[in-house]
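Structure assessment
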Amino acid sequence: MKNIMLVCVAGMSTSLLVSKMQKAAQEQNIEADIFAIAESEVDKVLTNKKADVLLLGPQVRYLKSTFEAKFKELNFPIDVINMADYGMMNGDNVLKQALKLIG
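Residues numbered from 1 in each chain as written. Predicted model: local features only at pLDDT ≥ 70, side-chain atom pairs only at ≥ 80, totals over all residues. Heavy atoms only, no water.

As recorded by an unreviewed UniProt entry, the protein chain carries the name PTS system cellobiose-specific EIIB component and is attributed to Lysinibacillus sphaericus.

Shown next as structure tokens:
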């Protein structure tokens, strides 16, 4: 099971992307828990839920270095979702990005 966390300002704009990523994962027989949250909820969610990768929406890309420092001990990759893939809601490409980061 791959745990993929998407983070944006309010967790709303990434909800459609989550649906498209879940569909892509199902089509490829990949077990994944893909969820979107608001940047203000990351600390709280990570106390109760595991993440294998954290992907930031382009609008919160400025949080990358802050989150890398803050969650270094949790040892998961953090990256920014490609702006074109985000804009086009390309769930397949964003899923590929997440899986590549997980390794």
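Back to the write-up after that little detour.
Side note on the UniProt feature "modified residue: Phosphocysteine" (unreviewed entry) in the protein chain
The positions UniProt marks with the feature "modified residue: Phosphocysteine" (unreviewed entry) are C8. Its place among the elements puts C8 in strand 1 (residues 2-8). Among all residues touching C8, those that are not within four sequence positions of it are S13, T14, I37, A38, E39, Q59, V60 and Y86. (UniProt positions renumbered as here; feature names shortened; annotations may be inferred. Helix = DSSP H or I, 4+ residues; strand = E, 2+ residues; numbered from the N terminus. Contact = heavy atoms within 4.5 Å.)

Brief notes about the sheet that holds strand 4 (residues 78-80)
Spatially, four strands are ordered 2-1-3-4 in an open sheet, and the strand pairing comes out parallel. With partners counted over all chains shown, the strands left at the sheet margins are strand 2 (32-38) and strand 4, one partner each. Strand after strand, the sheet turns through a mean of 25 degrees between neighbouring axes, direction not considered. In the sheet, strand 1 pairs with strand 3 (residues 53-56) via four bridges, with the strands oriented parallel. In the strand pairing of strand 3, I4 is matched with V53. Those strands touched by helix 1 (residues 15-27) are strand 1 and strand 2, and its axis lies near 175 degrees from that of strand 2. Of the strands in this sheet, strand 1, strand 2, strand 3 and strand 4 are in contact with helix 5 (residues 91-102), which crosses strand 3 at around 140 degrees. (Pairing = 2+ DSSP bridges. Axes fitted to C-alpha atoms, helices over the stretch in contact; angles between N-to-C directions.)

Considerations on the pairing of strand 1
Across the seven residues that make up strand 1, a large majority, six, are buried. Looking at chain direction, strand 1 and strand 2 are connected through seven bridges and run parallel. Considered in strand 2, the bridge of V7 is made with I37. (Buried < 20%, exposed > 50% of the residue type's maximum accessible area, 1.4 Å probe, protein only.)

Notes on the pattern of salt bridges
Opposite charge on two side chains permits them to pair, given that their charged atoms come into close proximity. In total, this model carries eight salt bridges according to the counting rule given. Residues E27 and K23 are paired through a salt bridge, measuring 3.3 Å at the closest nitrogen-oxygen approach. Of the two residues, E27 and K23 both sit in helix 1, four residues apart, roughly one turn of that helix. Side by side, E27 and K23 carry an identical accessibility label, which is exposed. Measuring nitrogen to oxygen at the nearest pair gives 2.8 Å for the salt bridge that ties K70 to D43. Placement of K70 in helix 3 (residues 64-70) and of D43 in helix 2 (residues 42-48) is noted, with a sequence separation of 27 residues between them. With relative accessibility at 40%, the residue K70 sits in the partly exposed group. The exposure class of D43 is partly exposed, given its relative accessible area of 37%. (Salt bridge = Lys/Arg side-chain N within 4 Å of Asp/Glu carboxyl O.)

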